[in-house]
Amino acid sequence: MAIMLRAKCPKCGELVETQANCYCGRCGTPISFAGMGMVQIYRMGSPVGIAVGYGIYLDGQPFGHIANKKSIRIPVPFGTHTLHITCGMTRRCQDLTFTLTPQAPVAYVKAHIKMGVWSNTLIVEPAMPSEMPME
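**Focus on the packing of aromatic side chains**
We describe a pair of aromatic rings using the distance from one ring centre to the other and the angle between the two ring planes.
Then comes step 1: All chains considered together, the criterion is met by zero aromatic pairs.
Then comes step 2: The cationic tip of arginine 43 hangs over the ring face of tyrosine 54; the distance from NZ or CZ to the ring centre is 3.7 Å.

Structure follows, in structure tokens:
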């Protein structure tokens, strides 16, 4: 099973899920990933919040949700980006800032929830490629 790519259409903003270059389902604009880096996010398995998708926000923009024990790849331009994750009503998150360059084009990230006495916190942290699920 291949991990899906999730990108936003540059023209209309529609979220597109694909395994390769494609066209936007709403406006027909070609979606190309040439010259871009990629962030792979792995939601680590946990019985806490299992039925709720984690909301993904990249540079303040929503990129949909990710289910328990799933992984998603998001093509992004080279540069510095900030990743924020939410879970239901839990908005507390230790955001992660990462930089992609042609020499380091991929950022691997794992996300999990840390139980708290009064509130839970979502932890977003760098990961090694070996910590990512097999495709």
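**Re the nonpolar core**
Then comes step 1: Formed by 23 residues in total, the largest nonpolar core has its most connected members in Ile56, Leu83 and Ile85.
Then comes step 2: Broken down by secondary-structure element, the contributors of at least two residues to this core are β5 (37-43), β6 (54-58), β7 (61-66), β8 (71-76), β9 (79-87), β11 (96-100), β12 (106-114) and β13 (121-126).
Then comes step 3: Looking at this core, the element that brings in the most residues is β12, giving four residues.
Then comes step 4: If sequence neighbours within four positions are ignored, leucine 83 has contacts with Ile41, Ile56, Tyr57, Leu58, Asp95, Leu96, Phe98, Val109 and Val124.
Then comes step 5: Ranked by size, the runner-up nonpolar core spans eight residues in total, among them Leu5, Ala7, Cys9 and Cys22.

**Details of the environment of serine 32**
Then comes step 1: Following the sequence through the fold, serine 32 ends up in the loop between β4 (30-31) and β5.
Then comes step 2: Looking at serine 32, the relative accessible area reads 45%, which means it is partly exposed.
Then comes step 3: Taking the C-alpha atoms as reference points, serine 32 and alanine 7, separated by 25 residues in sequence, lie 9.5 Å from one another.

**Quick word on the sheet that holds β7**
Strand pairing in a sheet is mediated by backbone hydrogen bonds. Such pairs are either parallel or antiparallel.
Then comes step 1: Pairing within the open sheet is antiparallel, and its four strands lie in the order β7-β6-β9-β11. Unpaired on one side and paired on the other, β7 and β11 mark the two borders of the sheet. Shown here is a sheet whose adjacent strand axes are inclined to one another by a mean of 30°, direction ignored.

**Overview of the side chain of threonine 121**
Then comes step 1: Mapped onto the fold, threonine 121 is located in strand β13.
Then comes step 2: The buried category is assigned to threonine 121, whose relative accessible area is 11%.

**Side note on unusual backbone geometry**
Then comes step 1: Despite not being glycine, aspartate 59 has its phi angle at roughly 55°, a positive value.
Then comes step 2: Its place among the elements puts aspartate 59 in the loop between β6 and β7.
Then comes step 3: Classification of aspartate 59 by relative accessible area gives partly exposed; the value is 41%.

**Observations concerning the pattern of salt bridges**
Then comes step 1: The tally for this structure, following the rule as stated, stands at three salt bridges.
Then comes step 2: In this structure, arginine 6 engages glutamate 17 in a salt bridge whose closest nitrogen and oxygen atoms are separated by 2.7 Å. With arginine 6 in strand β1 (residues 5-8) and glutamate 17 in strand β2 (residues 15-18), the pair connects residues that are 11 residues apart, well separated along the chain.

So, how was this worked out
- Residues numbered from 1 in each chain as written.
- Predicted model: local features only at pLDDT ≥ 70, side-chain atom pairs only at ≥ 80, totals over all residues.
- Heavy atoms only, no water.
- Phe/Tyr/Trp six-rings, centres within 6.5 Å; stacked < 30°, edge-to-face > 60°.
- Lys NZ or Arg CZ within 6 Å of the ring centre and 35° of its normal.
- Core = buried A, V, L, I, M, F, W, Y, C linked by side-chain atoms within 4.5 Å.
- Buried < 20%, exposed > 50% of the residue type's maximum accessible area, 1.4 Å probe, protein only.
- Helix = DSSP H or I, 4+ residues; strand = E, 2+ residues; numbered from the N terminus.
- Contact = heavy atoms within 4.5 Å.
- Pairing = 2+ DSSP bridges.
- Axes fitted to C-alpha atoms, helices over the stretch in contact; angles between N-to-C directions.
- Salt bridge = Lys/Arg side-chain N within 4 Å of Asp/Glu carboxyl O.

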